[in-house]
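Analysis of the macromolecular model
Residues per chain are reported as follows:
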Amino acid sequence: MSGRALITARGLGVRHGATQALRDVDFEVRAGEIVTLIGPNGSGKTTLLRALIGAAAPSAGTVTRAKGLRIGYAPQRLALDRTMPMTVARFLALGGGGRTERAAALEEVGAPDIAERQLAALSGGQFQRALLARALLRKPTLLALDEPTQGLDQPGVAAFYALVARVRRTLGCAVLMVSHDLHVVMRESDRVVCLNGHVCCEGAPTIVSASPAYRALFGTEPEGALALYRHAHDHRHDGAEAPGCGHGHGGPVAQAAAQAATAERVD
């Protein structure tokens, strides 16, 4: 894996009151890579992301961040009073940067014409692009996205992940994404990390996609397809031998992506 370590966690644990949300997590994000965190509800995905970027305090272990690290963060939820007028331009201004920088950020995310639109009037995809543009104003070396496709339809999900990959290529930043039981398998992520209170499986798709262990966890799709999977856990976490994680295919998205990939090969 190329690139310097931007964030390194060793033996990381996080508690929420009496609940142990994460335990014994060893984790690293390196410059330029896209890492996707997946797992069931309550598995600690958002908790891990927040601990890594310094928004949540660990109860055990260490988190080390590279000197000069700039983090652009788009949260999972944003409390928005829909009765209060606020344009996208004003929303971006709250995140800093001048007018030229804000216009460039909207251009970068493919939404240059929404600056004067009211936030409350945006579609789901437009709102996610506004959040991404705001994160880009920090000129991040690490882009942290918590469930960035929440509320989008299937074409919107595919388009947003393709946008994130393009932003990574253009800016050269690393990307750490949380996905709610869906993830981009072969085309957009360099590494997939599955959580269930700890790291129970991970790998670089380009290396492990042909291995039996990877297929048992994530299933298979035609090479090059943009595949979305639902990921369910049916294994034990007490150290005993047990079957791998169960899986199910993402249905219409995976099928449509496979058809598109086939069409591209035919053309």
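So, here's what we can say about the structure. (Residues numbered from 1 in each chain as written. Predicted model: local features only at pLDDT ≥ 70, side-chain atom pairs only at ≥ 80, totals over all residues. Heavy atoms only, no water.)

**Some points on unusual backbone geometry**
- In the Ramachandran plot, Asp24 falls in the positive-phi region, its phi being about 50° despite a non-glycine side chain.
- For Asp24, the location among the structural elements is in strand β2 (residues 19-30).
- Owing to a relative accessible area of 58%, Asp24 belongs among the exposed residues under this scheme. (Helix = DSSP H or I, 4+ residues; strand = E, 2+ residues; numbered from the N terminus. Buried < 20%, exposed > 50% of the residue type's maximum accessible area, 1.4 Å probe, protein only.)

**Concerning the sheet that holds strand β1 (residues 5-16)**
- Reading across from one edge, β2-β1-β4 is the order of the three strands in this open sheet, with antiparallel pairing throughout. For this open sheet the edge positions go to β2 and β4 (60-65), each flanked by a neighbour on one side alone. When the angles between neighbouring strand axes are averaged without regard to direction, this sheet yields 15°.
- The sheet contact formed by β1 and β4 spans five bridges and is antiparallel. The residue of β4 that forms the bridge with Ile7 is Arg65.
- Contacting β1, β2 and β4, helix α1 (residues 45-53) crosses the sheet at an angle of about 125° to β1. (Pairing = 2+ DSSP bridges. Axes fitted to C-alpha atoms, helices over the stretch in contact; angles between N-to-C directions. Contact = heavy atoms within 4.5 Å.)

**A word on the pattern of salt bridges**
- With the rule as written, the count across this model stands at seven salt bridges.
- The residue Glu28 makes a salt bridge to Arg10 at a minimum N-O spacing of 3.9 Å. Of this pair, Glu28 sits in strand β2 while Arg10 sits in strand β1, and the two are 18 residues apart along the sequence.
- Residue Glu28 is classed as partly exposed on the basis of its relative accessible area, which comes to 22%.
- One salt bridge connects Asp24 with Arg23, and the closest N-O pair in it is separated by 4.0 Å.
- Residue class for Arg23 comes out partly exposed when judged on its relative accessible area of 33%.
- Residues joined in a network through salt bridges with shared partners are Arg10, Glu28 and Arg30. (Salt bridge = Lys/Arg side-chain N within 4 Å of Asp/Glu carboxyl O.)

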